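# Tertiary structure, described
Each chain, letter by letter, is given below.
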Amino acid sequence: MQARDHEFIDNMDQALERAVQNGVKNLVIQPTHLMHGAEYDELMESVEAYRSKFETVKVAEPLLGAVGTAADDVNADKEAVAKALTEEAVSDAGYDSLAAAKEEGAAFVFLGHDTSHAAKVSYSQMQSQVKELGYDNNGRASC
């Protein structure tokens, strides 16, 4: 972006260093990550290197929350995401309800990129969550 648009955006270490230089005492980080994964791990490594330079550091969970270990480990974050995604997909497809979409034979497929990180179980957990919610006209794909 800097070369193309002449716009400079800090990387994580630069942003943390800027916060230190600006005298920030209490740091709150809201990551935009979907799940715990390699990028989130890198974020946390950077944060840990700077943690002692702040009075407090708070880092919010990624969108899908804690990972868990089993495919059926679901949590309130995954439930909220499953409900919101399905509601939005139903609305965007022009249906009044999930039941109406199902009546017409519509299926909804939610796609996420694959990963070799242990957090990939989050995809199976989301599949478990949509089944638990009774959303049986949802499909799953990854690439």
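Scroll up to find the structure this text is about.
Since we're looking at a predicted model, the values are computed, not measured.

### Some details on the overall build of the protein
When helices and strands are counted, the protein shows six helices and four strands. Helices and strands in the protein line up, N terminus first, as α-α-β-α-β-α-α-β-α-β. The C-alpha atoms of the protein give 19 Å as radius of gyration, which overshoots the globular expectation for 143 residues (15 Å, by more than 25%). In the protein, buried positions account for 31% of the 143 residues.

### Details of the pairing of strand β2 (residues 56-59)
Relative to β2, strand β1 (residues 26-29) is paired through four bridges, and the arrangement is parallel. Within β2, the residue paired with isoleucine 29 across the bridge is valine 59. Crossover connection from β1 via helix α3 (residues 38-50) to parallel β2: handedness right-handed.

### Quick word on the pattern of salt bridges
Counting across every chain of the model gives four salt bridges. Linking arginine 18 and aspartate 10 is a salt bridge whose minimum nitrogen-to-oxygen distance equals 2.7 Å. Using a relative accessible area of 45% as the deciding quantity, one classes arginine 18 as partly exposed. Exposure remark for aspartate 10: the relative accessible area of 23% places this residue in the partly exposed category. For glutamate 48, the salt bridge identified is with arginine 51, shortest N-O distance 2.8 Å. Classification of glutamate 48 as partly exposed rests on a relative accessible area of 44%.

### Things to note about the packing of helix α4 (residues 76-92) against helix α6 (residues 121-132)
Packing of α4 against α6 leaves a shortest axis separation of 9 Å and a crossing angle of 65°. Taken together, the axis directions place α4 and α6 in an arrangement best described as roughly perpendicular. Note on packing geometry: the crossing formed by α4 with α6 is right-handed. Side by side, α4 and α6 meet where Lys78, Glu79, Val81 and Ala82 of the first sit next to Ser122, Gln125, Met126, Gln129 and Val130 of the second. Considering only residue class, the contact of α4 with α6 consists of four nonpolar, three polar and two charged.

### Quick look at the packing of helix α2 (residues 12-21) against α3
At their nearest, the axes of α2 and α3 sit 10 Å apart, and the two run at 30° to each other. Here α3 runs roughly parallel to α2, going by the angle between their axes. For the pair α2 and α3, the crossing hand works out as right-handed. Contact residues: Met12, Asp13, Leu16, Glu17 and Val20 in α2; Leu43, Ser46, Val47 and Tyr50 in α3. Looking at the contact of α2 with α3 residue by residue, the classes come out as six nonpolar, one polar and two charged.

### Focus: the environment of glutamate 55
Tracing the backbone through its elements, the reader meets glutamate 55 in the loop between α3 and β2. According to the relative accessible area criterion, glutamate 55 is exposed, its value standing at 59%. C-alpha separation for the pair glutamate 55 and glutamine 125, spaced 70 residues apart in sequence, amounts to 36 Å. Residues within four places of glutamate 55 in sequence aside, it is in contact with Lys25 and Asn26.

Rules and cut-offs
Numbering of residues starts from 1 in each chain and follows the order in which that chain's sequence is written. Only residues with pLDDT of at least 70 are given local features in this predicted model, and only at 80 or more are side-chain atom pairs given and counted; all residues enter the totals for whole chains, interfaces and linings. Water and hydrogen atoms were dropped before computing side-chain values, which therefore reflect all heavy atoms in the structure. We count a stretch as a helix when DSSP gives it H or I for four or more residues in a row; a strand needs E for two or more, and each element gets its number in order from the N terminus. C-alpha atoms define the radius of gyration in this analysis, and the globule rule sets the expected value at 2.2 Å times the number of residues to the power 0.38. Exposure is judged per residue with a 1.4 Å probe applied to protein chains only, and the accessible area is read against the type maximum: over 50% gives exposed, under 20% gives buried, and values in between give partly exposed. What makes two strands pair is DSSP finding at least two bridges between them. If the strands point away from the viewer and the path from the first strand over the helix to the second runs clockwise, then the crossover is right-handed. We define a salt bridge as a side-chain nitrogen of Lys or Arg found within 4 Å of a carboxyl oxygen belonging to Asp or Glu. Here, axes are lines fitted to C-alpha atoms. For helices the fit covers the stretch in contact, and angles between N-to-C directions go from 0 to 180 degrees. With respect to orientation, any angle under 35 degrees is reported as roughly parallel, any angle over 145 as roughly antiparallel, any angle of 65 to 115 as roughly perpendicular, and every other angle as oblique. Each crossing is labelled by how the near helix is turned from the far one, with a counterclockwise turn of less than a right angle marking it left-handed and a clockwise turn marking it right-handed. In this analysis, two residues are considered to be in contact whenever any of their non-hydrogen atoms come within 4.5 Å of each other. Amino acid classes used here: Ala, Val, Leu, Ile, Met, Phe, Trp, Tyr, Cys and Pro are nonpolar; Asp, Glu, Lys and Arg are charged; the rest, including Gly, are polar.

It is worth stressing that arrangement in space is one thing and function is another; only the former is reported here.
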